[in-house]
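Architecture and fold: a report
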Amino acid sequence: MLSILLRPAFAQNDIHSELRNSPLVNGGSTKVLAVYEPWFGHPRHINVGYSSQDPVVIRKQIEEAKKLGISGFVVDWYGDREPFLDKAYALVQALAADRDFKVAVMFDEADRPSDQATDDALAAFEKFRQQYLAPAAPGRKAYLEYRGRPVIFIFPKGGHTDWNRVRNETARWNPPPVLIQEFPPGASEKAFDGFYAWVHPGKNGWAADGSNWGEDYLRNFYQTMQSKYSDKIAVGAAWAGFDDKKASWSLGRYMARRCGATFSDTLKLARDYSVAGTPLPYLLIATWNDYEEGTAIERETEKCKPTSGSQGR
């Protein structure tokens, strides 16, 4: 039975302090990463006050993330489909190398028919290998590795890519990459070395009041990784909330930040899992700066209104 955690009506958790003081950050073996969106400054996206192609901004973001105990950014990347993002990624990798900071790519799958999506992935992976993973690539030493192998995260879109084919091709790399896809696994689960948790409201879906913050989804993720995929890499997750009303692709999805409690509770589940079983190699913060979907923790912006009761779980 879950214990009840009561919070005063005016309670507010400081997300930055919570992260800095977390046992996962202080003295633990878990590396904390944060998803980084590199598309700001592009006309298709909202204005957040900076460009993702500004080296001064990127340097500041890296330093601020390090102060919070974050050791690397996982950067959204689309290959040649999005040149703006590719240029921003190149800057992040090059600048991270001089700041004792890690970087990894999160490849966004093309939402196309199977053959086209697979060909796109194969071309993108080869481009990435040659341009960013070659020994002489700018910032190569900053790239995140797991036991000597570069880590590539995969964000599924249409789910049509033949990942077994991609796995067979990348197995020829020296060294071959570690491929980690979003949980739950699809038909190509054997092609992946691990799975990461992602923002999800849980089995009851998105609630109008944002109350479904994903507890059952995360518990299922951790338990399934222990019981069914113990031979694969489990990448835990923590998030502050979700609200996509500012996004041009909005679907009206909302998860309340609960005055910082959503971040606190998702972080606690990752800590509990690490204590109960094998320590998580990575914890993924979703996200550092996605202001269009309301998940950003870059700026401490929690503003809580008085409520008539307590919040808890």
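Everything that follows concerns the structure shown earlier in this document.
Throughout, a residue's number is its position along its own chain's written sequence, starting from 1. Reporting of local features is limited, given that this is a predicted model, to residues whose pLDDT is at least 70; pairs of side-chain atoms are given and counted only at 80 or more, and all residues count toward the totals for whole chains, interfaces and linings. Side-chain measures were taken over the full set of non-hydrogen atoms in the model, leaving aside hydrogen atoms and water.

Things to note about the pairing of strand β2 (residues 72-77)
Heads up, the condition is: Only protein chains enter the calculation, and the probe is 1.4 Å; a residue is then buried if its accessible area is under 20% of its type maximum, exposed if over 50%, and partly exposed in between. Segments assigned H or I by DSSP are reported as helices when at least four residues long, segments assigned E as strands when at least two residues long, and all are numbered from the N terminus. The rule for pairing is simple: two strands pair if DSSP sees at least two bridges between them. If you view a crossover with the strands going away from you and the path from the first strand over the helix to the second runs clockwise, you call it right-handed.
Judged by how many residues are buried, β2 sits mostly within the fold: six of six residues are covered. Of the two faces of β2, both are covered, the one formed by Gly72, Val74 and Asp76 as well as the one formed by Phe73, Val75 and Trp77. Where strand β1 (residues 31-36) and β2 come together, four bridges link them in parallel fashion. For tyrosine 36, the partnering residue across the bridge sits in β2 and is valine 75. For the segment spanning β1, helix α2 (residues 55-67) and β2, crossover handedness is right-handed. Pairing analysis gives six bridges linking β2 to strand β3 (residues 102-108), with the strands arranged parallel.

Comments concerning the pairing of β1
Within β1, five of the six residues are buried, which leaves it mostly tucked inside the rest of the structure. The pairing of β1 with strand β11 (residues 282-285) spans four bridges and is classified as parallel. Pairing of alanine 34 across the sheet is with isoleucine 285, part of β11.

Observations concerning helix α5 (residues 163-170)
Put simply, the rule is: The arc in question is formed by the directions pointing from the helix axis toward the C-beta atoms. Residue contacts follow a heavy-atom distance rule, with two residues in contact if any of their heavy atoms lie within 4.5 Å. Two N or O atoms form a polar contact when they lie within 3.5 Å of each other; inside protein one atom must be a possible hydrogen donor and the other a possible acceptor, and for residues adjacent in sequence the pair counts only when both atoms belong to side chains.
Restricting attention to buried positions, one finds in α5 the residues Trp163, Val166, Arg167 and Thr170. The arc that holds every buried residue of α5, seen down its axis, measures 100°, which confines them to one face. Buried residues along α5 sit in contact with β3, α4 (114-132), β5 (149-155) and β6 (178-182). Sitting at the head of α5, aspartate 162 places a side-chain oxygen 3.2 Å from the backbone nitrogen of asparagine 164.

As for the nonpolar core
What counts, and what does not: Here, nonpolar core refers to any group of buried Ala, Val, Leu, Ile, Met, Phe, Trp, Tyr and Cys residues whose side-chain atoms link them within 4.5 Å.
By size, the foremost hydrophobic cluster in this structure holds 86 residues, and its most contacted members are Phe73, Phe153 and Trp198. With six residues, α4 is the largest single contributor of residues to this core. Excluding residues that lie within four positions of it along the chain, phenylalanine 73 makes contacts with Ala34, Tyr36, Gln61, Ile62, Ala65, Val92, Phe101, Lys102, Val103, Ala104 and Trp288. Listed in part, the 10 residues of the second largest apolar core include Val48, Phe84, Leu85 and Tyr291.

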